[in-house]
Amino acid sequence: MALVSAAEMLTKAKAGKYAVGQFNINNLEWTKSILLTAEELKSPVILGVSEGAGKYMCGYKTIVGMVNGMLEELNITVPVALHLDHGSYEGAKACIAAGFSSVMFDGSHYPIEENVEKTKELVAECKAKGLSIEAEVGSIGGEEDGVIGAGECADPEECKMVADLGVTMLAAGIGNIHGKYPENWAGLSFETLDAIQAKTGDMPLVLHGGTGIPADMIKKAISLGVAKINVNTECQLAFQEATRKYIEEGKDLQGKGFDPRKLLAPGAEAIKATVKEKMELFGSVGKA
Ligand code: 13P
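Residues numbered from 1 in each chain as written. Predicted model: local features only at pLDDT ≥ 70, side-chain atom pairs only at ≥ 80, totals over all residues. Heavy atoms only, no water.

Draft legend 1. Region of the structure containing empty space enclosed by the protein. Evaluated as defined, the whole model comprises 1 cavity of 30 Å³ or more. Reported here for the largest cavity is a volume of approximately 30 Å³. Every residue lining the largest cavity is listed: A172, I174, L193, I196, L205, V206 and V226. Looking at the lining of the largest cavity, the elements that each hand over two or more residues are α8 (190-200) and β10 (205-207). In terms of residue class, the lining of the largest cavity is made up of 7 nonpolar, no polar and no charged. (1 Å grid on protein atoms, 1.4 Å probe; cavity = no way out; pocket = protein on both sides within 12 Å on 5 of 7 lines; lining within 4 Å. Points joined across faces, edges and corners; volume = space filled by probe spheres on them. Helix = DSSP H or I, 4+ residues; strand = E, 2+ residues; numbered from the N terminus. Nonpolar A, V, L, I, M, F, W, Y, C, P; charged D, E, K, R; others polar.)

In structure tokens:
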């Protein structure tokens, strides 16, 4: 199946009270693991690409080529969207041109008027091309240079204003952050989420920072309108841990030289296990 926009899968998820996972990709093994797991579990899936990962993987065109090739060669039949994560205005334009099926424009750091202007323009471009588009209100904190910033809570009125611009899905800060949560994290603000959903109605809401949120909070967030959950750090940690263990056990030293395919295999399996666990928690298994 060719890449699809995330619109239909998220409308279905919101109506069916489950969430579709966005799993960020960093290389070929990562992408293959996520696609194979989605196919095995008959789950829709969104592949997220940050601008940094885009540069690492030799640019957006390379990624589009790799993903399209895998969809065909691996006979993937479940719906897959290829989505720019936290895109700049320029990044979103570049991904639209390169063949992504979905983009996020993160204008949360602009004054709301400028966020609205730029979002409007990108919404029109995505609509014309049949792509889905995610906007963000209320910045999502996280760890940068060892400093952990608190996640903001978005203003429900601002959320409504941005939702009304015609975006496909809306990321709203509800105290969530990227990376690991600190010991003293206050948890998600369900009061804010409830107020946002009341203002934005059927709009699928997006929960960033899916790593480390307790299962009961994830379930409650889904019951209050979250239809897409982003996961990145947890796959990174699983990959790193499996690779470290493999090296420590000395399994790569077989007297035949150093085979990168063998070295990366445990990490790829660890990603499959993480993605499976998340798809089961989010309720997307069997929903393709
Ligand atoms: P984590 O890295 O915390 O899982 O968050 C991922 C994310 O929100 C990507 O946009």
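Draft legend 2. Broad picture of the site of the ligand. Near the ligand, the surroundings consist of D85, H86, H178, G179, H208, G209, G210, T211, N230, V231, N232 and T233. Separating an oxygen atom of the ligand from a backbone N or O atom of G179 is a distance of 2.9 Å. Computed on the free molecule, the ligand has an accessible area of 310 Å², of which 97% lies beneath the protein chains in the complex. Elements supplying a minimum of two residues to the shell around the ligand: β3 (80-87) and β11 (226-231). (Near = heavy atom within 4 Å. Polar contact = N/O pair within 3.5 Å; in protein donor to acceptor, adjacent residues only side chain to side chain. Areas by Shrake-Rupley, 256 points an atom, 1.4 Å probe, with all protein chains shown as cover.)

Draft legend 3. Quick look at the side chain of T200. For T200, the position within the fold is in helix α8. Residues contacting T200, with those up to four places away along its chain left out, are C159, K160, A163, L170 and L205. (Contact = heavy atoms within 4.5 Å.)

Draft legend 4. Looking closely at the packing of helix α10 (residues 233-248) against helix α11 (residues 260-282). Contact pair α10 / α11: the axes reach a minimum separation of 8 Å and the direction vectors enclose 145°. Relative to α11, α10 is oriented so that their crossing is right-handed. Note on element contacts: α11 touches α10 through K262, L263, L264, P266, G267, A268, A270, I271, T274, V275, E277 and K278, opposite E234, C235, A238, F239, A242, T243, Y246 and I247. Of the residues contributing to the contact of α10 with α11, the split by class is 13 nonpolar, 3 polar and 4 charged. (Axes fitted to C-alpha atoms, helices over the stretch in contact; angles between N-to-C directions. Left-handed = near helix turned anticlockwise from the far one by under 90°.)

Draft legend 5. Structural context of the pattern of salt bridges. On inspection of all chains with the given rule, the structure shows 16 salt bridges. Salt-bridge contacts for K120 lead to E117; the nearest nitrogen and oxygen are separated by 3.8 Å. With K120 and E117 both in helix α6 (residues 112-129) and 3 residues apart, the pair spans about one turn of that helix. Measuring nitrogen to oxygen at the nearest pair gives 3.1 Å for the salt bridge that ties K278 to E234. Taken together, the residues K278 in helix α11 and E234 in helix α10 connect sequence positions 44 residues apart. (Salt bridge = Lys/Arg side-chain N within 4 Å of Asp/Glu carboxyl O.)

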